[in-house]
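# Topology and contacts: notes
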Amino acid sequence: MISFCTDPDTLGQFQWLACYLTTGKHMAFYYSFGTVLLLLAITAPAALLFGFAGASAARSSFTPVSWLGKIYIAIVRGVPDIAFFLFFVIALDQGIEWLRHQVKCPDWDEPIRQGNDFVVCTAAKMPLGNAAQWIHEVYGFTLAVVTFAIVFGAFAANVMFGAMRTVPRAQLETAEAYGMTPRQTFWRILVPQMWVYALPGLGNLWMVLIKATPLLFLLGVEDIVYWARELGGAKTARFTDYPHPDWRLWYFLVLLIFYLGFTKVSEVFLDRIMRKLTHGQATAGGEAQRKGAAA
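Before going into details, it helps to say that this report is about the structure given with it. (Residues numbered from 1 in each chain as written. Predicted model: local features only at pLDDT ≥ 70, side-chain atom pairs only at ≥ 80, totals over all residues. Heavy atoms only, no water.)

A separate point is the overall build of the protein. Broken down by element type, the protein carries eleven helices and two strands. Each helix (α) and strand (β) of the protein, taken in turn from the N terminus, gives the series α-α-α-α-α-β-β-α-α-α-α-α-α. Here the protein, with 295 residues, has 36% of them falling under the buried criterion. The long-range share in the protein, meaning contacts at least 24 apart out of those at least 6 apart in sequence, stands at 67%. Approximately 17,800 Å² of the protein is accessible, and the part contributed by carbon and sulfur atoms is 65%. (Helix = DSSP H or I, 4+ residues; strand = E, 2+ residues; numbered from the N terminus. Buried < 20%, exposed > 50% of the residue type's maximum accessible area, 1.4 Å probe, protein only. Contact = heavy atoms within 4.5 Å. Areas by Shrake-Rupley, 256 points an atom, 1.4 Å probe, with all protein chains shown as cover.)

Should their charged atoms come close, side chains of opposite charge can pair. Counted under the stated rule, the structure contains five salt bridges. The residue E173 makes a salt bridge to R169 at a minimum N-O spacing of 3.6 Å. One end of the pair is E173 and the other is R169, both in helix α7 (residues 169–177) and four residues apart, which spans about a single turn. Classification of E173 by relative accessible area gives partly exposed; the value is 43%. A salt bridge links D271 to R275; the shortest N-O distance between them is 2.3 Å. Here D271 and its partner R275 are both found in helix α10 (residues 248–278), four residues apart, which amounts to about one turn of the helix. (Salt bridge = Lys/Arg side-chain N within 4 Å of Asp/Glu carboxyl O.)

Another point: the nonpolar core. Counting residues in each nonpolar core, the largest one holds 65 residues, and the members touching the most others are F29, F148, F152, I224 and L255. Excluding residues that lie within four positions of it along the chain, F29 makes contacts with I224, W227, A228, L231, Y251 and L255. Within the second largest apolar cluster, six residues are counted, among which are I112, F118, V120 and A124. (Core = buried A, V, L, I, M, F, W, Y, C linked by side-chain atoms within 4.5 Å.)

Once that is clear, we can look at the layout of surface pockets. Put simply, the largest pocket is a space of about 450 Å³. Listing elements by their share of the lining of the largest pocket, those giving two or more residues are α3 (24–58), α6 (133–166), α8 (182–212) and α10. For the lining of the largest pocket, a count of residues per class yields 17 nonpolar, two polar and no charged. For the second largest pocket, the calculated volume is near 340 Å³. Lining the second largest pocket are 15 residues, with T35, E137, G220, V221 and E222 positioned closest to its centre. Secondary structure elements with two or more residues in the lining of the second largest pocket: α3 and α6. Residues belonging to the lining of the second largest pocket are distributed by class as follows: seven nonpolar, six polar and two charged. (1 Å grid on protein atoms, 1.4 Å probe; cavity = no way out; pocket = protein on both sides within 12 Å on 5 of 7 lines; lining within 4 Å. Points joined across faces, edges and corners; volume = space filled by probe spheres on them. Nonpolar A, V, L, I, M, F, W, Y, C, P; charged D, E, K, R; others polar.)

The next point concerns the packing of α6 against α8. As a packed pair, α6 and α8 sit with axes 8 Å apart at the nearest point and diverge in direction by 140°. When the axis of α6 is compared with that of α8, the two are oblique. Pair α6 / α8 crosses with right-handed handedness. Contact residues: α6 offers F148, F152, F155, A156, V159, M160, A163, M164 and T166, while α8 offers F186, L190, M194, W195, Y197, A198, G201, L202, L205, V208, L209 and A212. Looking at the contact of α6 with α8, its residues break down into 19 nonpolar, two polar and no charged. (Axes fitted to C-alpha atoms, helices over the stretch in contact; angles between N-to-C directions. Parallel < 35°, antiparallel > 145°, perpendicular 65-115°, else oblique. Left-handed = near helix turned anticlockwise from the far one by under 90°.)

For helix α2 (residues 13–20), the set of buried residues is W16, C19 and Y20. Buried residues of α2, viewed axially, fall in a sector of 100°; they line one side. (Arc of directions from axis to C-beta.)

Its place among the elements puts I73 in helix α4 (residues 63–78). Classification of I73 as buried rests on a relative accessible area of 6%. In the structure, I73 is positioned 81 residues away from A154 in sequence and 4.8 Å away in space, judged by C-alpha atoms. In this structure I73 touches G54, A58, A154, A157 and N158, once residues within four positions along its chain are discounted.

This brings us to the state of the cysteines. On inspection of all chains with the given rule, the structure shows one disulfide. A disulfide bridge connects C105 with C121, and the sulfur atoms are separated by 1.8 Å. Disulfide C105-C121: torsion about the S-S bond near 85°, hence right-handed. Placement of the pair is C105 in the loop between α5 (81–104) and β1 (113–114) and C121 in the loop between β2 (117–118) and α6, with a sequence separation of 16 residues. What makes C105 buried here is its relative accessible area of 15%. What makes C121 buried here is its relative accessible area of 6%. (Disulfide = S-S within 2.5 Å.)

Here V146 is to be found in helix α6. Judged by relative accessible area, V146 falls into the partly exposed class, the value being 30%. Put simply, V146 and F88 are 58 residues apart on the chain and 9.4 Å apart in space, counted from C-alpha to C-alpha.

Written out as structure tokens, the structure is:
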């Protein structure tokens, strides 16, 4: 079968293309779309958790906790995404190796910092040099998820913090007048109503998160951008059984269609959620629904 696919004399144009699009590297390209979707599926709820924790801390009446939440929001939002991604991944990776080095190599007598080099013992490397390839890939993907969650969690915290402050103060005071504790007021009154005000900002943040997934390429993860560039570049018969000119335009066109289609589906889904949450609410969205129904 391999000889048939790689012998251009026995193939028509359609057959050659069919063989070309089913090579091992193309299968990895197709799987990389799943990598992007998996990143979004894990990062989105993780970022919401970081964001909710940051927003809750920022509005805390305990000053140190409040400053901690506000500093988290300010620092991450104030640093360019690419710079933070590259810095944090390196810092987290070296931090993990440093901790492992202290545990596994207590007798090490050389400095870890040797000029610009970061040197730890072999047993402290993450992952180990003899580890399976899938372990290297999972480790890199995990670092990417944590980085994305922290960065976009800060943006989500800013959105949620503003939404919490938008909930009418009179409703919180009414809850307090009925004898609710601050904890009950927070969970039963503030948090349920906060989502109505936070959803537009969180929806925009979701779109930004989708557009930021190509940064996986910068973090060393073999994502769809990596494979589009790898497969689309010009190939010669010396290096591949499927020589072709520069086809990057077509590969990146596939990525364009994928991202446009995915964002369109997201817009429809978010719009339905917004209509459901604002139904009967005294917000701009709820008022628009009321007027539309009356007309």
